[in-house]
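Take a look at the letters that make up each chain.
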Amino acid sequence: MTGTDDTSAAVLLREPAEGTPPVIADATALAEACVKIAGGSGAIAVDTERASGYRYWPKAYLVQLRREGAGSFLIDPIPLEGQLEPLAEVLNNAEWVLHAASQDLPCLAELDLHPKSLFDTELAGRLAGYERVALGTLVELLLGYQLEKGHSAADWSKRPLPVDWLNYAALDVELLIELREKLEADLAAQGKLEWAQQEFEAVRTAPPPAPRAEPWRRTSGVHKIRSARGLAAVRELWQARDELARKRDRAPSRILPDTAIINAVTADPKTVEQLQALPVFSGRVQRKYTASWLRHLQAARALPAEELPTPAQQTDGPPPVNRWSDKDPDAAARLSAARAALAAIAEDRRLPVENLLLPELVRRTCWRPPVDLSEDAVAKVLGDAGARPWQIELTVAALSKALHATAAA
(Lines give C-alpha, C1' and ligand atoms only; values in the text may rest on other atoms or scores of the structure.)
Protein backbone atom coordinates (compact mmCIF):
# COMPACT_ATOMS: atom_id res chain seq x y z
CA MET A 1 0.00 0.00 0.00
CA THR A 2 1.12 3.55 -0.61
CA GLY A 3 3.00 4.93 2.39
CA THR A 4 2.27 8.22 4.10
CA ASP A 5 4.49 11.16 3.23
CA ASP A 6 5.63 13.94 5.54
CA THR A 7 2.80 16.45 5.57
CA SER A 8 4.05 18.55 8.46
CA ALA A 9 4.50 21.56 6.15
CA ALA A 10 0.93 21.49 4.83
CA VAL A 11 -0.73 24.90 4.48
CA LEU A 12 -3.87 25.27 6.60
CA LEU A 13 -6.88 26.54 4.65
CA ARG A 14 -9.51 28.30 6.75
CA GLU A 15 -11.57 29.82 3.94
CA PRO A 16 -11.81 29.54 0.15
CA ALA A 17 -9.25 31.46 -1.90
CA GLU A 18 -12.03 33.56 -3.46
CA GLY A 19 -13.76 34.23 -0.14
CA THR A 20 -16.94 32.78 1.34
CA PRO A 21 -19.49 32.16 -1.44
CA PRO A 22 -22.97 33.58 -0.77
CA VAL A 23 -25.74 31.07 -0.11
CA ILE A 24 -28.03 30.81 -3.13
CA ALA A 25 -31.60 30.52 -1.86
CA ASP A 26 -33.86 32.05 -4.54
CA ALA A 27 -34.64 31.31 -8.18
CA THR A 28 -33.04 34.48 -9.56
CA ALA A 29 -29.70 33.85 -7.87
CA LEU A 30 -29.86 30.20 -8.92
CA ALA A 31 -30.40 31.15 -12.57
CA GLU A 32 -27.39 33.47 -12.46
CA ALA A 33 -25.27 30.75 -10.88
CA CYS A 34 -26.31 28.21 -13.49
CA VAL A 35 -25.20 30.53 -16.29
CA LYS A 36 -21.78 30.82 -14.65
CA ILE A 37 -21.49 27.06 -14.08
CA ALA A 38 -22.48 26.36 -17.69
CA GLY A 39 -19.79 28.80 -18.82
CA GLY A 40 -17.09 26.91 -16.93
CA SER A 41 -15.13 23.99 -18.25
CA GLY A 42 -14.45 20.41 -17.31
CA ALA A 43 -15.86 18.31 -14.51
CA ILE A 44 -17.93 19.77 -11.67
CA ALA A 45 -16.92 19.19 -8.05
CA VAL A 46 -20.00 18.28 -6.02
CA ASP A 47 -20.66 17.77 -2.32
CA THR A 48 -23.62 17.95 0.05
CA GLU A 49 -24.19 18.56 3.72
CA ARG A 50 -26.90 16.64 5.54
CA ALA A 51 -28.17 16.71 9.12
CA SER A 52 -27.43 13.13 10.12
CA GLY A 53 -27.96 12.68 13.83
CA TYR A 54 -30.43 15.58 13.91
CA ARG A 55 -33.07 14.86 11.24
CA TYR A 56 -34.89 11.70 10.27
CA TRP A 57 -34.70 12.17 6.51
CA PRO A 58 -31.21 12.13 4.93
CA LYS A 59 -31.92 15.06 2.64
CA ALA A 60 -29.37 17.59 1.43
CA TYR A 61 -29.47 20.87 3.33
CA LEU A 62 -26.64 22.40 1.31
CA VAL A 63 -25.20 21.60 -2.12
CA GLN A 64 -21.65 22.72 -2.86
CA LEU A 65 -20.36 23.04 -6.43
CA ARG A 66 -17.17 24.18 -8.09
CA ARG A 67 -16.09 24.28 -11.73
CA GLU A 68 -12.99 25.58 -13.44
CA GLY A 69 -13.66 29.05 -14.81
CA ALA A 70 -16.86 29.45 -12.81
CA GLY A 71 -15.86 29.35 -9.15
CA SER A 72 -17.60 27.86 -6.12
CA PHE A 73 -21.31 27.92 -5.28
CA LEU A 74 -23.32 27.10 -2.16
CA ILE A 75 -26.95 26.26 -2.88
CA ASP A 76 -29.68 25.91 -0.28
CA PRO A 77 -32.11 23.38 -1.80
CA ILE A 78 -34.76 23.76 0.92
CA PRO A 79 -36.32 27.09 -0.20
CA LEU A 80 -35.66 26.07 -3.84
CA GLU A 81 -37.72 22.88 -3.67
CA GLY A 82 -39.36 22.33 -7.06
CA GLN A 83 -37.26 25.08 -8.65
CA LEU A 84 -34.00 23.26 -9.36
CA GLU A 85 -34.61 22.43 -13.04
CA PRO A 86 -32.05 25.01 -14.27
CA LEU A 87 -29.44 23.37 -12.07
CA ALA A 88 -30.36 19.92 -13.36
CA GLU A 89 -29.92 21.12 -16.95
CA VAL A 90 -26.33 22.10 -16.16
CA LEU A 91 -25.30 19.30 -13.81
CA ASN A 92 -26.98 16.31 -15.41
CA ASN A 93 -24.88 16.58 -18.59
CA ALA A 94 -21.51 16.82 -16.86
CA GLU A 95 -18.99 14.65 -15.06
CA TRP A 96 -19.14 15.05 -11.29
CA VAL A 97 -16.22 14.75 -8.93
CA LEU A 98 -17.27 13.61 -5.46
CA HIS A 99 -15.58 12.15 -2.41
CA ALA A 100 -17.39 9.00 -1.22
CA ALA A 101 -20.02 9.43 -3.91
CA SER A 102 -22.40 6.78 -2.57
CA GLN A 103 -23.07 8.98 0.46
CA ASP A 104 -24.15 11.98 -1.61
CA LEU A 105 -25.83 10.51 -4.69
CA PRO A 106 -29.09 9.42 -2.98
CA CYS A 107 -29.95 12.87 -1.59
CA LEU A 108 -28.94 14.50 -4.88
CA ALA A 109 -31.18 12.08 -6.77
CA GLU A 110 -34.08 13.27 -4.59
CA LEU A 111 -33.42 16.70 -6.12
CA ASP A 112 -33.49 15.16 -9.64
CA LEU A 113 -29.76 15.68 -9.97
CA HIS A 114 -27.94 12.78 -11.63
CA PRO A 115 -24.38 12.68 -13.01
CA LYS A 116 -23.66 11.74 -16.60
CA SER A 117 -20.42 10.24 -15.29
CA LEU A 118 -18.45 10.56 -12.08
CA PHE A 119 -15.03 10.36 -10.49
CA ASP A 120 -14.96 9.32 -6.83
CA THR A 121 -11.79 10.56 -5.14
CA GLU A 122 -12.20 8.30 -2.11
CA LEU A 123 -12.61 5.19 -4.23
CA ALA A 124 -9.77 6.32 -6.47
CA GLY A 125 -7.56 6.67 -3.41
CA ARG A 126 -8.39 3.14 -2.31
CA LEU A 127 -7.63 1.68 -5.73
CA ALA A 128 -4.40 3.68 -5.94
CA GLY A 129 -3.26 2.00 -2.74
CA TYR A 130 -3.45 4.79 -0.18
CA GLU A 131 -3.97 3.49 3.34
CA ARG A 132 -5.97 6.51 4.50
CA VAL A 133 -8.46 8.01 2.09
CA ALA A 134 -10.37 10.68 4.02
CA LEU A 135 -10.67 13.85 1.96
CA GLY A 136 -8.51 15.88 4.32
CA THR A 137 -5.82 13.20 4.36
CA LEU A 138 -5.60 12.90 0.57
CA VAL A 139 -5.61 16.68 0.08
CA GLU A 140 -2.82 17.03 2.62
CA LEU A 141 -0.80 14.17 1.19
CA LEU A 142 -1.16 14.93 -2.51
CA LEU A 143 -1.73 18.69 -2.64
CA GLY A 144 0.01 19.99 0.46
CA TYR A 145 -3.01 21.69 2.03
CA GLN A 146 -4.73 21.06 5.34
CA LEU A 147 -8.50 21.55 5.37
CA GLU A 148 -10.24 23.16 8.32
CA LYS A 149 -12.12 20.46 10.25
CA GLY A 150 -14.91 20.35 12.76
CA HIS A 151 -18.33 20.76 11.17
CA SER A 152 -19.04 17.47 9.38
CA ALA A 153 -21.38 16.34 12.18
CA ALA A 154 -23.11 19.71 12.56
CA ASP A 155 -26.86 20.29 12.24
CA TRP A 156 -26.93 21.56 8.66
CA SER A 157 -30.69 22.12 8.84
CA LYS A 158 -29.92 25.14 11.02
CA ARG A 159 -30.65 28.56 9.49
CA PRO A 160 -28.86 30.82 8.98
CA LEU A 161 -25.69 28.81 8.57
CA PRO A 162 -22.67 30.32 10.36
CA VAL A 163 -19.88 31.70 8.19
CA ASP A 164 -17.31 29.22 9.48
CA TRP A 165 -19.64 26.39 8.48
CA LEU A 166 -20.00 27.86 5.00
CA ASN A 167 -16.22 28.11 4.67
CA TYR A 168 -15.89 24.49 5.74
CA ALA A 169 -18.51 23.44 3.16
CA ALA A 170 -16.93 25.43 0.34
CA LEU A 171 -13.48 24.02 1.12
CA ASP A 172 -14.85 20.52 0.60
CA VAL A 173 -15.05 21.27 -3.16
CA GLU A 174 -12.24 23.83 -3.38
CA LEU A 175 -9.57 21.28 -4.29
CA LEU A 176 -11.59 18.31 -5.56
CA ILE A 177 -10.81 18.93 -9.24
CA GLU A 178 -7.07 19.21 -8.56
CA LEU A 179 -7.24 16.10 -6.38
CA ARG A 180 -9.02 14.26 -9.17
CA GLU A 181 -6.22 15.11 -11.61
CA LYS A 182 -3.56 13.83 -9.21
CA LEU A 183 -5.38 10.59 -8.53
CA GLU A 184 -6.22 10.00 -12.18
CA ALA A 185 -2.53 10.35 -13.09
CA ASP A 186 -1.61 7.98 -10.25
CA LEU A 187 -4.13 5.37 -11.36
CA ALA A 188 -3.01 5.63 -14.98
CA ALA A 189 0.62 5.16 -13.98
CA GLN A 190 -0.32 2.00 -12.07
CA GLY A 191 -2.46 0.63 -14.90
CA LYS A 192 -5.60 0.91 -12.77
CA LEU A 193 -7.53 3.70 -14.49
CA GLU A 194 -9.84 1.32 -16.34
CA TRP A 195 -10.54 -0.49 -13.06
CA ALA A 196 -11.46 2.79 -11.44
CA GLN A 197 -13.75 3.79 -14.29
CA GLN A 198 -15.62 0.50 -13.95
CA GLU A 199 -15.98 1.12 -10.21
CA PHE A 200 -17.20 4.69 -10.71
CA GLU A 201 -19.83 3.53 -13.18
CA ALA A 202 -20.98 0.82 -10.77
CA VAL A 203 -21.45 3.47 -8.07
CA ARG A 204 -23.25 5.81 -10.48
CA THR A 205 -25.72 3.17 -11.66
CA ALA A 206 -26.22 1.33 -8.35
CA PRO A 207 -29.91 0.91 -7.46
CA PRO A 208 -31.19 2.16 -4.11
CA PRO A 209 -30.45 -0.33 -1.33
CA ALA A 210 -33.27 -2.65 -0.43
CA PRO A 211 -35.01 -1.84 2.87
CA ARG A 212 -33.51 -3.71 5.79
CA ALA A 213 -35.48 -6.66 7.05
CA GLU A 214 -36.33 -6.22 10.74
CA PRO A 215 -34.28 -3.03 11.19
CA TRP A 216 -35.15 -2.98 14.90
CA ARG A 217 -32.63 -5.79 15.41
CA ARG A 218 -29.86 -3.22 14.86
CA THR A 219 -30.75 -1.52 18.15
CA SER A 220 -27.50 -1.08 20.03
CA GLY A 221 -27.36 -3.52 22.93
CA VAL A 222 -30.08 -5.83 21.62
CA HIS A 223 -27.72 -8.79 22.15
CA LYS A 224 -28.37 -8.38 25.88
CA ILE A 225 -32.02 -9.35 25.39
CA ARG A 226 -32.31 -13.11 25.43
CA SER A 227 -36.04 -13.87 25.48
CA ALA A 228 -38.47 -13.70 22.56
CA ARG A 229 -40.82 -11.63 24.73
CA GLY A 230 -38.02 -9.18 25.44
CA LEU A 231 -37.20 -8.93 21.73
CA ALA A 232 -40.87 -8.20 21.06
CA ALA A 233 -40.66 -5.31 23.51
CA VAL A 234 -37.57 -3.94 21.76
CA ARG A 235 -39.44 -4.19 18.47
CA GLU A 236 -42.49 -2.38 19.86
CA LEU A 237 -40.47 0.50 21.30
CA TRP A 238 -38.27 0.76 18.20
CA GLN A 239 -41.25 0.94 15.86
CA ALA A 240 -43.06 3.48 18.05
CA ARG A 241 -39.93 5.61 18.20
CA ASP A 242 -39.45 5.36 14.43
CA GLU A 243 -43.01 6.47 13.72
CA LEU A 244 -42.64 9.48 16.02
CA ALA A 245 -39.24 10.34 14.50
CA ARG A 246 -40.73 10.28 11.00
CA LYS A 247 -43.59 12.57 11.99
CA ARG A 248 -41.28 15.05 13.70
CA ASP A 249 -38.38 14.68 11.23
CA ARG A 250 -35.95 14.10 14.05
CA ALA A 251 -33.21 11.51 14.34
CA PRO A 252 -34.61 8.49 16.24
CA SER A 253 -31.79 8.69 18.77
CA ARG A 254 -32.98 12.18 19.71
CA ILE A 255 -36.47 10.85 20.34
CA LEU A 256 -35.28 7.97 22.52
CA PRO A 257 -31.71 6.58 22.71
CA ASP A 258 -31.11 2.91 22.08
CA THR A 259 -29.77 2.57 25.61
CA ALA A 260 -33.12 3.72 27.00
CA ILE A 261 -34.97 1.10 24.95
CA ILE A 262 -32.73 -1.69 26.25
CA ASN A 263 -32.94 -0.39 29.83
CA ALA A 264 -36.74 -0.28 29.68
CA VAL A 265 -36.98 -3.81 28.30
CA THR A 266 -34.53 -5.13 30.87
CA ALA A 267 -36.27 -3.40 33.81
CA ASP A 268 -39.74 -4.40 32.55
CA PRO A 269 -41.62 -1.62 34.40
CA LYS A 270 -45.31 -2.18 35.11
CA THR A 271 -46.31 1.41 35.88
CA VAL A 272 -45.58 4.89 34.55
CA GLU A 273 -43.84 5.68 37.82
CA GLN A 274 -41.52 2.71 37.48
CA LEU A 275 -40.68 3.69 33.89
CA GLN A 276 -40.04 7.29 34.86
CA ALA A 277 -37.62 6.12 37.52
CA LEU A 278 -35.27 4.85 34.80
CA PRO A 279 -32.48 6.97 33.27
CA VAL A 280 -33.64 9.13 30.31
CA PHE A 281 -37.33 8.50 31.05
CA SER A 282 -37.03 10.68 34.13
CA GLY A 283 -36.19 13.73 32.01
CA ARG A 284 -38.64 16.60 31.60
CA VAL A 285 -39.21 16.02 27.86
CA GLN A 286 -39.52 12.26 28.13
CA ARG A 287 -42.04 12.32 30.98
CA LYS A 288 -44.87 13.36 28.66
CA TYR A 289 -44.24 10.28 26.48
CA THR A 290 -43.79 7.66 29.19
CA ALA A 291 -47.45 6.61 29.18
CA SER A 292 -47.15 5.90 25.45
CA TRP A 293 -43.89 3.98 25.85
CA LEU A 294 -45.48 1.92 28.64
CA ARG A 295 -48.43 1.00 26.41
CA HIS A 296 -46.03 -0.43 23.86
CA LEU A 297 -44.25 -2.46 26.53
CA GLN A 298 -47.64 -3.77 27.64
CA ALA A 299 -48.55 -4.62 24.04
CA ALA A 300 -45.42 -6.78 23.78
CA ARG A 301 -46.40 -8.63 26.95
CA ALA A 302 -49.83 -9.39 25.48
CA LEU A 303 -48.63 -10.75 22.13
CA PRO A 304 -49.52 -14.39 21.44
CA ALA A 305 -46.54 -16.72 21.23
CA GLU A 306 -46.83 -17.16 17.46
CA GLU A 307 -46.32 -13.42 16.93
CA LEU A 308 -43.10 -13.21 18.92
CA PRO A 309 -39.88 -12.67 16.96
CA THR A 310 -37.41 -15.48 16.50
CA PRO A 311 -34.21 -15.29 18.60
CA ALA A 312 -32.12 -14.58 15.50
CA GLN A 313 -32.97 -12.87 12.24
CA GLN A 314 -33.82 -15.24 9.42
CA THR A 315 -31.43 -14.93 6.50
CA ASP A 316 -30.67 -16.72 3.27
CA GLY A 317 -26.97 -16.01 3.69
CA PRO A 318 -24.27 -18.20 5.20
CA PRO A 319 -23.97 -18.54 8.98
CA PRO A 320 -21.29 -16.65 10.94
CA VAL A 321 -17.85 -17.74 9.78
CA ASN A 322 -16.87 -18.96 13.26
CA ARG A 323 -19.47 -21.72 12.92
CA TRP A 324 -18.36 -23.00 9.53
CA SER A 325 -15.86 -25.54 10.83
CA ASP A 326 -18.63 -27.32 12.72
CA LYS A 327 -21.42 -26.92 10.18
CA ASP A 328 -19.45 -27.55 6.97
CA PRO A 329 -15.69 -28.19 7.30
CA ASP A 330 -15.23 -28.22 3.52
CA ALA A 331 -16.82 -24.77 3.24
CA ALA A 332 -14.44 -23.53 5.93
CA ALA A 333 -11.51 -24.94 3.94
CA ARG A 334 -12.76 -23.25 0.77
CA LEU A 335 -13.08 -19.90 2.53
CA SER A 336 -9.63 -20.18 4.09
CA ALA A 337 -8.07 -20.95 0.71
CA ALA A 338 -10.00 -18.16 -1.00
CA ARG A 339 -9.05 -15.57 1.59
CA ALA A 340 -5.37 -16.47 1.39
CA ALA A 341 -5.38 -16.33 -2.42
CA LEU A 342 -7.25 -13.03 -2.58
CA ALA A 343 -5.02 -11.47 0.08
CA ALA A 344 -1.97 -12.34 -2.00
CA ILE A 345 -3.48 -10.80 -5.14
CA ALA A 346 -4.50 -7.67 -3.25
CA GLU A 347 -1.02 -7.24 -1.78
CA ASP A 348 0.61 -7.74 -5.17
CA ARG A 349 -1.67 -5.17 -6.82
CA ARG A 350 -1.59 -2.74 -3.87
CA LEU A 351 -5.34 -2.89 -3.32
CA PRO A 352 -7.55 -3.29 -0.25
CA VAL A 353 -8.76 -6.86 -0.41
CA GLU A 354 -12.36 -5.70 0.12
CA ASN A 355 -12.12 -3.66 -3.09
CA LEU A 356 -10.70 -6.62 -4.96
CA LEU A 357 -13.84 -8.65 -4.27
CA LEU A 358 -16.62 -8.01 -1.78
CA PRO A 359 -16.14 -10.18 1.33
CA GLU A 360 -19.85 -11.05 1.41
CA LEU A 361 -19.65 -12.32 -2.17
CA VAL A 362 -16.62 -14.43 -1.29
CA ARG A 363 -18.40 -15.92 1.74
CA ARG A 364 -21.56 -16.74 -0.22
CA THR A 365 -19.60 -18.32 -3.04
CA CYS A 366 -17.53 -20.46 -0.68
CA TRP A 367 -20.55 -21.53 1.37
CA ARG A 368 -22.59 -22.58 -1.65
CA PRO A 369 -20.22 -22.92 -4.61
CA PRO A 370 -21.55 -23.66 -8.10
CA VAL A 371 -21.68 -27.29 -9.18
CA ASP A 372 -19.37 -26.48 -12.05
CA LEU A 373 -16.12 -25.14 -10.60
CA SER A 374 -14.59 -24.18 -13.94
CA GLU A 375 -13.30 -20.64 -14.34
CA ASP A 376 -16.09 -19.80 -16.78
CA ALA A 377 -18.77 -20.97 -14.34
CA VAL A 378 -17.21 -19.12 -11.41
CA ALA A 379 -16.85 -16.00 -13.54
CA LYS A 380 -20.57 -16.14 -14.28
CA VAL A 381 -21.39 -16.45 -10.57
CA LEU A 382 -19.26 -13.41 -9.81
CA GLY A 383 -20.67 -11.38 -12.69
CA ASP A 384 -24.27 -12.22 -11.80
CA ALA A 385 -23.53 -10.98 -8.26
CA GLY A 386 -22.26 -7.63 -9.54
CA ALA A 387 -18.50 -8.10 -9.66
CA ARG A 388 -16.89 -5.87 -12.26
CA PRO A 389 -14.93 -7.29 -15.24
CA TRP A 390 -11.58 -6.20 -13.80
CA GLN A 391 -12.34 -7.94 -10.51
CA ILE A 392 -13.34 -11.15 -12.26
CA GLU A 393 -10.25 -11.10 -14.46
CA LEU A 394 -7.95 -10.77 -11.45
CA THR A 395 -9.63 -13.27 -9.14
CA VAL A 396 -11.45 -15.97 -11.09
CA ALA A 397 -8.51 -18.36 -11.50
CA ALA A 398 -7.52 -18.19 -7.84
CA LEU A 399 -11.09 -18.43 -6.60
CA SER A 400 -11.92 -21.37 -8.86
CA LYS A 401 -8.89 -23.20 -7.47
CA ALA A 402 -9.82 -22.33 -3.88
CA LEU A 403 -13.30 -23.75 -4.36
CA HIS A 404 -11.77 -27.20 -4.89
CA ALA A 405 -10.32 -27.16 -1.35
CA THR A 406 -11.57 -29.72 1.17
CA ALA A 407 -11.09 -30.15 4.89
CA ALA A 408 -8.16 -32.25 6.00
CA ALA A 409 -9.18 -35.76 6.91
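Residues numbered from 1 in each chain as written. Predicted model: local features only at pLDDT ≥ 70, side-chain atom pairs only at ≥ 80, totals over all residues. Heavy atoms only, no water.

(A) Quick peek at the UniProt feature "domain: HRDC" (unreviewed entry) in the protein. The feature "domain: HRDC" (unreviewed entry), as given by UniProt, occupies residues 227-307 in the numbering adopted here. Structurally, residues 227-307 is divided into 70% helix and 0% strand, and its ends, taken at the C-alpha atoms, are 13 Å apart. (UniProt positions renumbered as here; feature names shortened; annotations may be inferred. Helix = DSSP H or I, 4+ residues; strand = E, 2+ residues; numbered from the N terminus.)

(B) Quick look at the layout of surface pockets. Its boundaries defined by the atoms lining it, the largest pocket holds a volume of some 1300 Å³. Lining of the largest pocket is provided by 36 residues; of these, S102, A202, V203, A206 and P207 occupy positions nearest its centre. When residues of the lining of the largest pocket are traced back to their parent elements, those giving at least two are helix 3 (101-109), helix 4 (121-128), helix 8 (193-205), helix 17 (353-356) and helix 18 (359-367). At 6 residues, the largest contribution of residues to the lining of the largest pocket is made by helix 3. Residues belonging to the lining of the largest pocket are distributed by class as follows: 21 nonpolar, 6 polar and 9 charged. Counting residues domain by domain, the lining of the largest pocket receives three or more from each of domain 1 (11-205) and domain 3 (321-404). Of the voids in this model, the second largest pocket is the one considered here, and its volume is about 620 Å³. Along the wall of the second largest pocket there are 26 residues; nearest its centre are D47, L135, S152, Y168 and D172. Those elements that provide at least two residues to the lining of the second largest pocket are strand 3 (41-49), helix 3, helix 5 (135-143) and helix 6 (163-174). (1 Å grid on protein atoms, 1.4 Å probe; cavity = no way out; pocket = protein on both sides within 12 Å on 5 of 7 lines; lining within 4 Å. Points joined across faces, edges and corners; volume = space filled by probe spheres on them. Nonpolar A, V, L, I, M, F, W, Y, C, P; charged D, E, K, R; others polar. Domains from an automatic or database assignment.)

(C) Structural view of the nonpolar core. The biggest cluster of nonpolar side chains holds 83 residues, and the ones touching the most others in it are L65, L87 and L179. Here this core spans two domains, since at least three of its residues come from each of domain 1 (11-205) and domain 3 (321-404). Beyond its immediate sequence surroundings of up to four residues, L179 is in contact with T121, L135, L138, V139, L142 and L143. In terms of nonpolar packing, the next biggest core, distinct from the first, is built from 29 residues, Y56, A300, L303 and L308 among them. (Core = buried A, V, L, I, M, F, W, Y, C linked by side-chain atoms within 4.5 Å. Buried < 20%, exposed > 50% of the residue type's maximum accessible area, 1.4 Å probe, protein only. Contact = heavy atoms within 4.5 Å.)

(D) Region of the structure containing the packing of aromatic side chains. Within the structure shown, the criterion is met by 7 aromatic pairs. Considering the side-chain rings of W324 and W367, the 5.0 Å spacing of their centres and the 45° angle between planes classify their relative orientation as tilted. Highlighted residues: W324 in helix 15 (residues 324-327) and W367 in helix 18, separated in sequence by 43 residues. The structure contains a cluster of three or more aromatic residues connected by ring pairs, namely W156, W165 and Y168. The side chain of K158 reaches across the aromatic face of W165, ending 5.3 Å from its centre. (Phe/Tyr/Trp six-rings, centres within 6.5 Å; stacked < 30°, edge-to-face > 60°. Lys NZ or Arg CZ within 6 Å of the ring centre and 35° of its normal.)

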